[in-house]
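Chains, contacts and geometry: an overview
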Amino acid sequence: MRDLKQLVKAYDVRGVVPDQWDENLSRAFGAAFVQVTGATAIVVGHDMRPSSPSLTRAFAEGAAGYGADVVQIGLCSTDQLYYASGAFDLPGAMFTASHNPAEYNGIKLCRAGAAPVGQDTGLAEIRELVESWTGEDDTVTVPARDVRPGTLSERETLRGYADHLLGLVDLTAVRPLKVVVDAGNGMGGHTVPTVFDGLPIELVPMYFELDGTFPNHEANPLDPKNLVDLQAAVREAGADLGLAFDGDADRCFVVDERGEPVSPSAITALVAAREIARAKAAGEAEPTVIHNLITSWTVPEVVRELGGTPVRTRVGHSFIKQEMAVTDAVFGGEHSAHYYFRDFWRADTGMLAALHVLAALGGQPGTLSELTAEYDRYAASGEINSTVADQAARTAAVRAAFAVEGTTVDELDGLTVAGPDWWFNLRASNTEPLLRLNVEAKDPARMAELRDGVLAVVRA
């Protein structure tokens, strides 16, 4: 029986095509998705990767063969698929491998209303079902099902997606702005022109041509080397800011007018302030904001200062979305530039975060660096990975060295140790022999001292 654990990850399906999966396997995933969710209709979309159209079609055929009517929305961003899932109240499947290289592809699955499907919410059952349909020679045979085959139809959603987002942010008073957008040859090149149409924005597009081979740079703005072109273009154009989207355009990174990156924690704090104000204007007493445990201390500080309630979670979108549902949080943000909105079915959308930044900047006369200065209160290391032979042993050694009197320690997600004006978190990767370190302190010298000290123990 085929073991699909290397293909089916914690939150999605992702692997190399055709080595790890192909149309036959995609067809089986479509049938299994319908059986596990009990869906009578679903919506599917895909990114610009060369393998996406055929894999999506096979998935749709598998789902229809198991009785589900399939609404195909074609080329879309991941948050556009979430919009369709929410607006149509249907389970959804988005074919993308986000920022991974061209030979990869994957599926992000959700239930109706963009509710996440992960290992604990149906993905493990889907994997086990597909494995049970796989023979010893790795041939996948989907059992026939005595149901009426579903229909395949097509529907346009880009304009509806744009209108929904624009209805959540007041941009009527925004002054003219010059904005450079690096789509990285990904789906931002598809969504940005429609969303920005009619706004007082002079758009300077970079790499808007949809090309899943990523000829210009990897579509992963989390890696600083992939921001270099955008930073140079912002300076050269004298732009007010720059935006960079990842491959499936669900994450958005921001650089200021100097071409300097604005940390996702600062963007989280800025958007949180706006969403708290909006919720309070609607009569909500203490709006809740979710943040994961490696966002800056700035985020909960700002939330409290504005009369909101910060809630700290583990890293990962399933934890954020689960906590948002429990607390009815108005907003959630992660260090990785995933931003979640209650009014967007608690799903993540980098585009809506970008619109909030434009509204905040365009509603006052200053620069973006001046606007975000109040949300940049600490020095941060960024995430640093170390390859280790024994994750548990190295973590224990760090705990012994740094969890001393006067510190606080918790193990919500890995090891977090905090002092009066600093903290660090050390987390083990679930898929690689890595330890991931994040450090923050009141000043750069203390941060560097702490970072180097922890790394010395980790890598000893």
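Residues numbered from 1 in each chain as written. Predicted model: local features only at pLDDT ≥ 70, side-chain atom pairs only at ≥ 80, totals over all residues. Heavy atoms only, no water.

The next point concerns the pattern of salt bridges. In total, this model carries 30 salt bridges according to the counting rule given. Residue Lys-108 pairs with Asp-250 through a salt bridge whose shortest N-O separation is 3.2 Å. Highlighted residues: Lys-108 in strand 5 (residues 104-111) and Asp-250 in the loop between strand 10 (241-245) and strand 11 (252-255), separated in sequence by 142 residues. Taken individually, Lys-108 and Asp-250 each receive the classification buried, so the pair is uniform in this respect. Bridged by salt links that share partners, the residues Glu-284, Asp-328, Arg-342 and Arg-346 form one connected network. (Salt bridge = Lys/Arg side-chain N within 4 Å of Asp/Glu carboxyl O. Helix = DSSP H or I, 4+ residues; strand = E, 2+ residues; numbered from the N terminus. Buried < 20%, exposed > 50% of the residue type's maximum accessible area, 1.4 Å probe, protein only.)

This brings us to the packing of helix 1 (residues 23-37) against helix 4 (residues 123-132). Contact pair helix 1 / helix 4: the axes reach a minimum separation of 9 Å and the direction vectors enclose 125°. Compared by their axis directions, helix 1 and helix 4 come out oblique. Along this stretch, helix 1 crosses helix 4, giving a crossing that reads as right-handed. Of the residues in helix 4, those touching helix 1 at Leu-25, Ala-28, Phe-29, Ala-32, Phe-33, Gln-35 and Val-36 are Glu-125, Ile-126, Leu-129 and Val-130. Here the residues of the contact of helix 1 with helix 4 are counted per class, giving 9 nonpolar, 1 polar and 1 charged. (Axes fitted to C-alpha atoms, helices over the stretch in contact; angles between N-to-C directions. Parallel < 35°, antiparallel > 145°, perpendicular 65-115°, else oblique. Left-handed = near helix turned anticlockwise from the far one by under 90°. Contact = heavy atoms within 4.5 Å. Nonpolar A, V, L, I, M, F, W, Y, C, P; charged D, E, K, R; others polar.)

If you walk through the whole model with that rule in mind, you get 0 disulfides. Free of any disulfide, Cys-110 has its nearest neighbouring cysteine sulfur in Cys-76, separated by 11 Å. The thiol of Cys-252 is not disulfide-bonded; the next cysteine sulfur, from Cys-76, is found 18 Å away. The exposure class assigned to Cys-252 is buried, which follows from its relative accessible area of 2%. (Disulfide = S-S within 2.5 Å.)

Grouped together as the largest cluster of nonpolar side chains are 85 residues, with contacts concentrated most on Phe-196, Leu-241, Leu-243, Leu-355 and Leu-358. The element that contributes the greatest number of residues to this core is helix 11 (residues 350-362), accounting for 10 residues. With residues up to four places along the chain from it excluded, the contact list for Leu-355 reads Leu-165, Leu-166, Val-169, Leu-171, Val-195, Phe-196 and Leu-199. Of all hydrophobic cores here, the second largest spans 34 residues; its members include Phe-33, Val-34, Ile-42 and Ala-93. (Core = buried A, V, L, I, M, F, W, Y, C linked by side-chain atoms within 4.5 Å.)

With respect to topology, 5 strands assemble into an open sheet ordered 9-8-10-11-12, the strand pairing being mixed. Each having just a single partner strand, strand 9 (201-206) and strand 12 (261-262) make up the two edges of the open sheet. Note that strand 11 and strand 12 share 2 bridges and pair antiparallel. Counterpart to Val-254 in the pairing with strand 12 is Val-262. Relative to strand 8 (residues 177-182), helix 7 (residues 228-237) is tilted by about 160°, and along the sheet it contacts strand 8, strand 9, strand 10, strand 11 and strand 12. (Pairing = 2+ DSSP bridges.)

Take the packing of helix 5 (residues 158-166) against helix 6 (residues 188-196) next. The interhelical angle for the contact between helix 5 and helix 6, taken along N-to-C directions, is 55°, at an axis separation of 9 Å. When the axis of helix 5 is compared with that of helix 6, the two are oblique. In the crossing of helix 5 with helix 6, the sense of the turn from one axis to the other is right-handed. Two secondary-structure elements touch here, helix 5 through Leu-158, Arg-159, Tyr-161, Ala-162 and Leu-166 and helix 6 through His-190, Thr-191, Thr-194 and Val-195. Per-class residue counts for the contact of helix 5 with helix 6 are 5 nonpolar, 3 polar and 1 charged.

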